[in-house]
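Observations on the three-dimensional arrangement
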2 protein chains.
Amino acid sequence: MAKVSRRARQERLVETLEREPFLTDEQLASRFDVSVQTIRLDRLALGIKELRERIKGVAESRYPHVRSLAPNEVFGDIVELDLGVHGLSIWRADEEHAFSRSQIVRGHYLFAQANSLAVAIVDADQALTARAVVKFMRSVQAGSYMIAHAHVKGERHGYIRVNVRTTVDQKDVFIADFLIMRKGLDMTGGSTGENRD
Amino acid sequence: MAKVSRRARQERLVETLEREPFLTDEQLASRFDVSVQTIRLDRLALGIKELRERIKGVAESRYPHVRSLAPNEVFGDIVELDLGVHGLSIWRADEEHAFSRSQIVRGHYLFAQANSLAVAIVDADQALTARAVVKFMRSVQAGSYMIAHAHVKGERHGYIRVNVRTTVDQKDVFIADFLIMRKGLDMTGGSTGENRD
């Protein structure tokens, strides 16, 4: 995109964030071919909150719909939710979630975000993960915003299949297939092939 | 086991813990058909530390052998390690790792323990998880000691297959098959089919 006047850029910024509210300042800077600092100044001038605050605002309004988990039990912020159909969550990985040497985010956090979302979109008061097949596609650096998209793929014999695809900057970093049980918990832990989350 | 004298019981306790050093007080109480309090008094009389301290002592001596992870990056305590062959780790799940309503330990922590161990037993300076197939067999209550056993099952085209079986009270709670890459990290995150942990 060629450089444009501040005014034109700010108008496009508003339009862009209406369509894609979860773009980072870095992504916006790249799209508009300006510095991150310029995007921040534009946001200040336009009264647009930083991404973390925008996510929080949207996420808080979505939680009441989640049935199978308490709000503080969702790992990541759920910003779209259509129970039994699909959901979208955003999570920012910080340094504490990464290896100190490489700053690469640890795999079990990607698993946690995806699994939380897979359970959250199930239309049931209780839902337990039975199985998962996961693929790590790319390493993720601390500081990245991870966007997880979950889709219910079908239900069979009481097991709901949920596919989750996690992206950073529009690139796949993690793909998971979960089998979730829609039923009450066996608190004694006596039966097989089922569990929590 | 029939009730025996304190002295006979304490002798058997020492023998038992030499063979199986990671039994909990609860497991010992059940084996000797006495109360947990009795086991604690026996341990005090015999100068045997509580399980958590015993694990710590063993675990600290094992960490220098781990090549692919820094000690503070292992989730769980590695108490047996034969690089490239097998390993055993112990992790105690506390309330903070469980759902508040049910006290059931969350799945991503079982994943984290198993994945850490699977990477730790790989005989390489860097090892990255590419894929995992996991099954949750039973729910686990907070306060449980989880024992994860990992075995290297083979290597093919640079991918090492590691099987991990996690038990609580000798019962399977979690089973995982990991495919781990033995190679340097692509820090740019540009290539596919690979990642961290």
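Position numbers for residues count from 1 along each chain, tracking the sequence in the order it is written. The naming scheme follows written order: chains are lettered A onward, ligands numbered 1 onward. Local features are withheld for residues below a pLDDT of 70 in this predicted model, meaning they are given only at 70 or higher, and side-chain atom pairs are given and counted only at 80 or more; totals for whole chains, interfaces and linings count all residues. Only hydrogens and water are set aside; all other atoms, that is, all heavy atoms of the structure, feed into the side-chain values.

The name that an unreviewed UniProt entry assigns to chain A is Transcription factor FapR, with the source organism given as Sulfoacidibacillus ferrooxidans.

A look at the overall build of chain A
Heads up, the rule is: Put simply, DSSP marks the helices as runs of H or I at least four residues long and the strands as runs of E at least two long, and each gets a number from the N terminus on. It only takes one pair of heavy atoms within 4.5 Å for two residues to be counted as in contact. Under the convention used here, a 1.4 Å probe and the Shrake-Rupley method define accessible areas, while residue burial counts only the protein chains that appear.
Summing up its helical and strand segments, chain A has five helices and six strands in all. Beginning at the N terminus, the succession of helices and strands in chain A can be written as α-α-α-α-β-β-α-β-β-β-β. Sequence separation of 24 or more characterises 59% of the internal contacts of chain A that already satisfy a separation of 6 or more. On chain A, roughly 9300 Å² of surface is accessible, and the fraction owed to carbon and sulfur atoms is 48%.

Here's the deal with the side chain of Gln27 of chain A
All names here are of chain A. Our working definition: Under this definition, polar contacts are N or O atom pairs within 3.5 Å; protein pairs additionally need one hydrogen-donor-capable and one acceptor-capable atom, and for neighbouring residues in sequence, both atoms have to be side-chain atoms.
Assignment of secondary structure puts Gln27 in helix α2 (residues 25-32). Of note is the side chain of Gln27, whose polar atom sits 2.6 Å from the side chain of Asp169. The residues touching Gln27, leaving out its near neighbours within four places in the chain, are Phe22, Asp169 and Gln170.

Here we look at the packing of aromatic side chains
When we look at a pair of aromatic rings, we describe it by the centre distance and by the angle of the planes. Convention followed: Here a Phe, Tyr or Trp ring, Trp counted by its six-membered ring, pairs with any other such ring whose centre lies within 6.5 Å, and the pair is stacked when the planes are under 30 degrees apart, edge-to-face when over 60, and tilted otherwise. Throughout, exposure labels follow a simple rule: accessible area from a 1.4 Å probe, protein chains only, divided by the maximum for the residue type, with under 20% read as buried, over 50% as exposed, and the rest as partly exposed.
Summed over all chains, the structure comprises eleven aromatic pairs over all chains. When the ring of Phe75 of chain A is compared with that of Trp91 of chain A, the centres are 5.1 Å apart and the planes differ by 50°; the resulting orientation is tilted. Remark: Trp91 of chain A occurs in strand β2 (residues 86-92) and Phe75 of chain A occurs in the loop between α4 (51-62) and β1 (77-82); sequence separation between them is 16 residues. The pair Phe75 of chain A / Trp91 of chain A is uniform in exposure class, with both members buried. Among the aromatic residues, those joined into a cluster by ring pairs are Phe111 and Phe178 of chain A together with Phe111 and Phe178 of chain B.

Looking at the layout of surface pockets
Over the atoms rolls a probe the size of a water molecule, and its path tells where empty space is left. Residues and elements named next belong to chain A. The line we're drawing: Lining residues are defined by having an atom within 4 Å of a point belonging to a cavity or pocket. Those points lie on a 1 Å grid over the protein atoms alone, cavities being sets where a 1.4 Å probe fits but cannot get out and pockets being open sets with protein on both sides within 12 Å along at least five of seven lines. Grid points are joined across faces, edges and corners, and a volume is the space filled by probe spheres set on the points. Residue polarity follows a fixed list, in which Ala, Val, Leu, Ile, Met, Phe, Trp, Tyr, Cys and Pro are nonpolar, Asp, Glu, Lys and Arg are charged, and the others, Gly among them, are polar. Per the annotation, domain bounds derive from an automatic or database assignment of domains.
What the largest pocket holds in volume is close to 520 Å³. What lines the largest pocket is a set of 26 residues, among which Phe22, Leu23, Thr24, Gln27 and Leu51 lie closest to the centre. Among the elements of the structure, α2, α3 (36-46), α4, β2, β4 (145-156) and β5 (159-168) are those that each provide at least two residues to the lining of the largest pocket. Looking at the lining of the largest pocket, its residues break down into eight nonpolar, seven polar and eleven charged. Each of domain 1 (6-48) and domain 2 (61-181) contributes no fewer than three residues to the lining of the largest pocket. One number sums up the size of the second largest pocket: a volume of about 330 Å³.

Describing the confidence of the model for chain A
Residue and element names in this part refer to chain A. Operational definition: Per-residue confidence from the predictor is given as pLDDT, running between 0 and 100.
With 89% of its residues at a pLDDT of 70 or more, chain A has an overall mean of 85. Looking over chain A, one finds the lowest element-wise mean pLDDT in α4, namely 77, and the highest in β5, namely 96. Predicted confidence for residues 184-195 stays below pLDDT 50, and this span has 40 contacts to residues more than four positions away or in other chains.

A short note on the pattern of salt bridges
The test is simple: A carboxyl oxygen of Asp or Glu within 4 Å of a side-chain nitrogen of Lys or Arg is what we treat as a salt bridge.
All told, the structure shown has 24 salt bridges over all chains when counted by the stated rule. One continuous salt-bridge network, built from bridges that share partners, spans Asp25, Arg40 and Arg43 of chain A.

Overview of the pairing of strand β1 (residues 77-82) of chain B
How we decide: By definition, two strands form a pair when at least two bridges between them are found by DSSP.
In the sheet, β1 of chain B pairs with strand β2 (residues 86-92) of chain B via five bridges, with the strands oriented antiparallel. When the bridges of β2 of chain B are listed, Asp82 of chain B appears paired with His86 of chain B.

Some words on the sheet that holds β2 of chain B
Threshold: Between N-to-C directions, angles cover 0 to 180 degrees, with each direction set by a line fitted to C-alpha atoms, over the stretch in contact for helices.
Read across the open sheet, the twelve strands follow the order β1(A)-β2(A)-β4(A)-β5(A)-β6(A)-β3(A)-β3(B)-β6(B)-β5(B)-β4(B)-β2(B)-β1(B); overall the sheet is antiparallel. Only two strands of the sheet have a single neighbouring strand rather than two, namely β1 of chain A together with β1 of chain B. The mean inter-strand angle of the sheet, taken between neighbouring strand axes irrespective of direction, is 20°. Bridge count for strand β4 (residues 145-156) of chain B against strand β5 (residues 159-168) of chain B is nine bridges, and the pairing is antiparallel.

Notes on helix α3 (residues 36-46) of chain B
Residue and element names in this part refer to chain B. Rule in force here: In this context, the arc is that of the directions from the helix axis out to the C-beta atoms.
If you check which residues of α3 are buried, you get Ile39, Asp42 and Arg43. Angularly, the buried residues of α3 cover 100° about the axis, an arc narrow enough to put them on a single face. Exposed positions of α3 whose direction lies more than 90 degrees from the buried face are Leu44 and Ala45.

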